[in-house]
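# Remarks on the overall topology
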Amino acid sequence: MTGASILLDHVTKRFPGQVKPAVDGLTMEIPAGKIVMFVGPSGCGKTTTLKMINRLIEPTEGRIVVDGDDVTEMNGDTLRRGIGYVIQAGGLFPHMTVATNIGIVPKMLGWDKARIAARVDELLELVSLDPALYRDRYPKELSGGQQQRVGVARALAADPPVLLMDEPFGAVDPITRLRLQDELLNIQDELQKTIVCVTHDFDEAVKLGDWIAIFNEGAQLEQYDTPERILGDPASEFVENFIGSGAGLKQLTLTRVEEVGLAEAVVGNPGERAADVLARVAEAGHGHAVIVDDRRRPIQWLSRRKLGRLDVISDVPDPKLPVVGIRATLNDALDTMLVSSAGAALVTGRRDMFKGVIDVQTVMDAITRSQTAAVLESDQAPVGLNTGMFQVQASAASAASAASVDSVAEAADELAADTRAAQ
Ligand SMILES: Nc1ncnc2c1ncn2[C@@H]1O[C@H](COP(=O)(O)OP(=O)(O)OP(=O)(O)O)[C@@H](O)[C@H]1O
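Residues numbered from 1 in each chain as written. Predicted model: local features only at pLDDT ≥ 70, side-chain atom pairs only at ≥ 80, totals over all residues. Heavy atoms only, no water.

The protein chain is annotated in an unreviewed UniProt entry as ABC-type quaternary amine transporter of Cryobacterium melibiosiphilum.

And the structure:
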């Protein structure tokens, strides 16, 4: 089932003993099949708003409408079975295996064992965990990132149209976080759920969000817009301050790896003779070969030197492989390259399949292009006139040392006329 729209209609939440409402008369529409990110300072009411959608917190006033149905009066448990919910660190039950954790809601819905088992395996595949390796493990036998993946799989188990996520990637290291974000975008490409996600990380909001809601205290909506417009045209000083001073660099977060050209690579497989792969690398004039498994997922990245020392290509994955998803931002790609100090990264698409290579130069070129585009745009904008006149004066002043005052004035007039003609 794909996503459902959500409407918060004049929703207020007053906690007992609180002077001001945590959420004060909020009205907002969350379009079906989109990712909406909630950001704002601590205590502004993001989590309260999120939890009112599945009625883990009951609104004091107002209506919540999901897919056209007023859910405010509906039985809370029934409602929650139809809405996936993901929290930090996955929120898994420690005494249950991965399979049992994922199968909880289907079991409550009365599915038979075979159907649940098939669904568990399907979901583990979706979140890039090998079912044979992971279905019988306990949460403590998983890394933080793997627990989070299982949390997402569990939330998707009964194919709900809506997924609520509260700081889902808050508890994992930065690189794992980037990978989980990429995976969420891949999953969303396949499933098109309506996803509402609370985050403290504005970059994460820009990367994941089709829409970003920036809240002030009492869940006052300061701006609810696309990431592009929030960065390019903040609605208020509050939003400007919230975005912070790195807004220019944050534009990098708006360009995705899939938008820049990837380099091709020589690909090899485990079991091949290293000399054969080396011959292909030499013929292509490349420095490296990417080794992929039987599902075309990259497992090693071998230099000519390394290939020269090997006999047969092994199937042992390199845990430090610098990999970014195709939906990752150029920021993420740079981070990954810097951490691995490889100067390049392998790019993967859906289900982690290898797509190509991105290098630092490609990212730098993309930055230069976006800067040039920004300059051209500002030349055409009204403010460009002021900028233009300022440049005229500056170039006239630098010419003054070698020319008479009259000729400087002439040059300035000419430049000004050129500027006007160009308008
Ligand atoms: N159960 C509760 N009882 C009383 N007050 C509460 C309760 N839950 C939240 N609040 C208050 O409501 C306000 C909004 O809290 P909420 O958790 O929604 O904020 P938030 O934006 O998610 O914050 P953070 O980013 O710190 O998680 C805060 O002032 C908080 O102290």
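Back to the text.
A few words on the nonpolar core. Core analysis: the biggest nonpolar cluster contains 44 residues, and I102, M165, F202 and I212 have the highest contact counts within it. Ignoring anything within four residues of it in the chain, the contact list for M165 reads L50, V86, V152, L184, I195, V196, C197 and V198. In this structure, V36, F38, I53 and A219 belong to the second largest nonpolar core, which totals 27 residues. (Core = buried A, V, L, I, M, F, W, Y, C linked by side-chain atoms within 4.5 Å. Buried < 20%, exposed > 50% of the residue type's maximum accessible area, 1.4 Å probe, protein only. Contact = heavy atoms within 4.5 Å.)

Before going further, it helps to spend a moment on the packing of aromatic side chains. Counted according to the given criterion, the structure contains four aromatic pairs. For the pair F202 and F242, a centre-to-centre distance of 6.0 Å together with 85° between the ring planes defines the contact as edge-to-face. Of the two residues, F202 is situated in helix α8 (residues 202–208) and F242 in helix α10 (residues 237–243); the sequence distance between them amounts to 40 residues. Between F238 and F242 the ring centres are 6.5 Å apart and the planes differ by 10°, which places this aromatic pair in the stacked class. In this pair, F238 and F242 are both assigned in helix α10, four residues apart and thus about one turn of the helix distant. The exposure class of F242 is partly exposed, given its relative accessible area of 25%. For the cation-ring pair, R115 lies above W111, with the distance from its terminal atom to the ring centre recorded as 3.7 Å. (Phe/Tyr/Trp six-rings, centres within 6.5 Å; stacked < 30°, edge-to-face > 60°. Helix = DSSP H or I, 4+ residues; strand = E, 2+ residues; numbered from the N terminus. Lys NZ or Arg CZ within 6 Å of the ring centre and 35° of its normal.)

Before going further, it helps to examine the sheet that holds strand β11 (residues 266–268). The three strands lie next to each other as β11-β12-β13, forming an open sheet whose pairing is mixed. A strand with exactly one partner marks an edge of an open sheet, and here the two such strands are β11 and β13 (298–303). Here the average twist between neighbouring strands, direction ignored, is 30°. Its contacts with the sheet place helix α12 (residues 274–284) against β11 and β12 (288–292), and it is angled at close to 175° to β11. (Pairing = 2+ DSSP bridges. Axes fitted to C-alpha atoms, helices over the stretch in contact; angles between N-to-C directions.)

Direction vectors running N to C along helix α3 (residues 98–108) and helix α6 (residues 144–156) enclose 30°, while the axes themselves pass 7 Å from each other. The orientation of α3 relative to α6 falls into the category roughly parallel. Considering the relative orientation of α3 and α6, their crossing is right-handed. Listed contacts from α6 to V98, N101, I102 and I104 of α3 are V150, A153 and R154. (Parallel < 35°, antiparallel > 145°, perpendicular 65-115°, else oblique. Left-handed = near helix turned anticlockwise from the far one by under 90°.)

Tracing the backbone shows Y85 in strand β6 (residues 83–87). With 31 residues separating them along the chain, Y85 and N54 place their C-alpha atoms 8.5 Å apart. Ignoring any residue separated from it by four or fewer positions in sequence, one finds Y85 in contact with L50, K51, N54, L56, A155, L164 and D166.

Moving on: the sheet that holds strand β2 (residues 23–30). Taken in spatial order, the four strands make up an open sheet running β2-β1-β4-β5, and their pairing is antiparallel. Both outer strands of the open sheet, β2 and β5 (69–70), are each paired with one neighbouring strand and no more. Relative to β2, strand β1 (residues 6–13) runs antiparallel, the two being bridged by five bridges. The partner of L8 across the bridge, within β2, is M28. Contacts from helix α1 (residues 46–53) reach β1, β2 and β4 (61–66) within the one sheet, and its direction differs from that of β1 by about 120°.

Phi at S128 is positive, roughly 60°, even though this residue is not glycine. Its location among the elements puts S128 in the loop between α4 (113–126) and α5 (131–134). Look at S128 and you get partly exposed, because its relative accessible area is 25%. One non-glycine residue, E167, lies in positive phi territory at about 50°. Residue placement: E167 occurs in the loop between β7 (162–166) and α7 (174–191). E167 sits in the buried class, given a relative accessible area of 12%.

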